[in-house]
Amino acid sequence: MTRQSIAIAIDYLANCPEFLDALAQLSWKEWQEIYQQREQTLEDCLKNYRERMNTDRLPLTLVAVRAGLAVNCRELVGMVSLKYHDMDNRPDLDPWLGGLLVLPEWRNHGVGTMLMHRATEEARRLKVPRLYLWTHSAEGLYRKFGWQVVERSDYFGKEAVVMQVDLSRQLRHSPGS
């Protein structure tokens, strides 16, 4: 499958409420250890996604979907959120890009990049001057898109890299630049 042959759309979770449970389940499966160390349950995870069903303010979640052949048949491909308080030990930093996840069978098709670009566009549209994120494993990917390291710290027993991007100026790799 080439990127050109895949029709992926990025939409607001608010417009795709049928994916609410699936997002919570995927997040729980991917980051269960972190949720549990924060003393959160799957129900807390579901509540978080319900709170992100916004289009005009943070927090919000974007979903990547593939349109099916049948009417109203959409397949969930990935997700990303713009949210507050994503790193307990850095309450001074807000807001965050977090929960970026592409389903395994859709990885390496540019979906993560699409989600990240759309999330930063949404943050700009909402007049967010700076976004933060933390990652255990994708520092190189985010650096490629203009994110800069703020610090390296231990977060729940693993090294976490906290990064930021200045949204008051255009990113180097964003469309149209």
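It should be noted that the structure appears before, not after, this text.
Quick caveat: nothing in here was measured; it's all calculated off a predicted structure.

Rules behind the numbers
- Residues numbered from 1 in each chain as written.
- Predicted model: local features only at pLDDT ≥ 70, side-chain atom pairs only at ≥ 80, totals over all residues.
- Heavy atoms only, no water.
- Buried < 20%, exposed > 50% of the residue type's maximum accessible area, 1.4 Å probe, protein only.
- Helix = DSSP H or I, 4+ residues; strand = E, 2+ residues; numbered from the N terminus.
- Arc of directions from axis to C-beta.
- Contact = heavy atoms within 4.5 Å.
- Polar contact = N/O pair within 3.5 Å; in protein donor to acceptor, adjacent residues only side chain to side chain.
- Core = buried A, V, L, I, M, F, W, Y, C linked by side-chain atoms within 4.5 Å.
- Salt bridge = Lys/Arg side-chain N within 4 Å of Asp/Glu carboxyl O.
- 1 Å grid on protein atoms, 1.4 Å probe; cavity = no way out; pocket = protein on both sides within 12 Å on 5 of 7 lines; lining within 4 Å.
- Points joined across faces, edges and corners; volume = space filled by probe spheres on them.
- Nonpolar A, V, L, I, M, F, W, Y, C, P; charged D, E, K, R; others polar.

**Some thoughts on helix H2 (residues 42–51)**
No. 1: Every buried residue of H2 is listed here: Cys 45, Leu 46, Asn 48 and Tyr 49. For H2, the angular spread of the buried residues around the axis is 155°, confining them to a single face.
No. 2: Among the structural elements, helix H1 (20–37), strand S2 (60–67) and strand S3 (74–83) are those in contact with the buried residues of H2.

**Some thoughts on the side chain of Asp 86**
No. 1: Mapped onto the fold, Asp 86 is located in the loop between S3 and strand S4 (96–102).
No. 2: The class of Asp 86 is buried, set by a relative accessible area of 8%.
No. 3: Looking at Asp 86, its side chain comes within polar contact range of the side chain of Lys 83, at 3.1 Å.
No. 4: If we skip the residues at most four places from it in the chain, Asp 86 touches Arg 38, Trp 96, Gly 98, Trp 134 and Tyr 155.

**Quick look at the nonpolar core**
No. 1: Within the largest apolar cluster, 47 residues are counted, with the highest numbers of intra-cluster contacts made by Leu 97, Leu 131, Tyr 142 and Trp 147.
No. 2: Excluding anything up to four places from it in sequence, Leu 131 contacts Leu 82, Pro 95, Trp 96, Leu 97, Thr 120, Ala 123, Trp 147, Met 163, Gln 164, Val 165 and Leu 167.
No. 3: Counting residues in hydrophobic clusters, the runner-up holds 9 residues, among them Ile 34, Trp 96, Ala 160 and Val 162.

**Side note on the pattern of salt bridges**
No. 1: Summed over the entire model, instances satisfying the criterion amount to 15 salt bridges.
No. 2: In this structure, Arg 38 engages Asp 86 in a salt bridge whose closest nitrogen and oxygen atoms are separated by 3.9 Å. Taken together, the positions of Arg 38 in the loop between H1 and H2 and Asp 86 in the loop between S3 and S4 put the pair 48 residues apart, joining distant regions of the chain.
No. 3: As a salt-bridge pair, Glu 51 and Lys 47 come within 3.0 Å of each other at their nearest N and O atoms. Taken together, the residues Glu 51 and Lys 47, both in helix H2 and 4 residues apart, mark about one turn of the helix.
No. 4: Overall, the relative accessible area of 41% leaves Glu 51 in the partly exposed class.
No. 5: Overlapping salt bridges bring together Arg 38, Lys 83, Asp 86 and Asp 88 as one network.

**Re the environment of Asp 166**
No. 1: Within the secondary structure layout, Asp 166 lies in strand S7 (residues 158–166).
No. 2: As a C-alpha pair, Asp 166 and Arg 130 span 36 residues in sequence and 4.7 Å in three-dimensional space.
No. 3: In this structure the side chain of Asp 166 is engaged in a polar contact, spanning 2.5 Å, whose partner is the side chain of Ser 168.

**Considering the layout of surface pockets**
No. 1: As a volume, the largest pocket reaches approximately 1200 Å³.
No. 2: Around the largest pocket sit 47 residues that line it, and Trp 31, Gly 98, Gly 99, Leu 100 and Trp 134 are the ones nearest its centre.
No. 3: For the lining of the largest pocket, the secondary structure elements donating two or more residues are H1, H2, S3, S4, helix H3 (111–125), strand S5 (130–135) and helix H4 (139–144).
No. 4: Tallied by class, residues from the lining of the largest pocket come to 19 nonpolar, 17 polar and 11 charged.

**Here's the deal with the side chain of Asp 11**
No. 1: Note that Asp 11 resides in strand S1 (residues 8–12).
No. 2: One polar contact links Asp 11 to Asn 15, side chain to side chain, over a distance of 2.9 Å.
No. 3: With residues up to four places along the chain from it excluded, the contact list for Asp 11 reads Cys 16, Thr 61, Leu 62, Val 63, Arg 74 and Arg 118.

**Section: unusual backbone geometry**
No. 1: Backbone torsion omega between Leu 58 and Pro 59 reads 0°, so that peptide bond is classified as cis.
No. 2: For the bond running from Asp 94 to Pro 95, omega is -15°, close enough to zero to count as cis.
No. 3: Counting through the fold element by element, Pro 95 comes out in the loop between S3 and S4.
No. 4: A positive phi angle, close to 55°, is found at His 85, a residue other than glycine.
No. 5: Tracing the backbone through its elements, the reader meets His 85 in the loop between S3 and S4.

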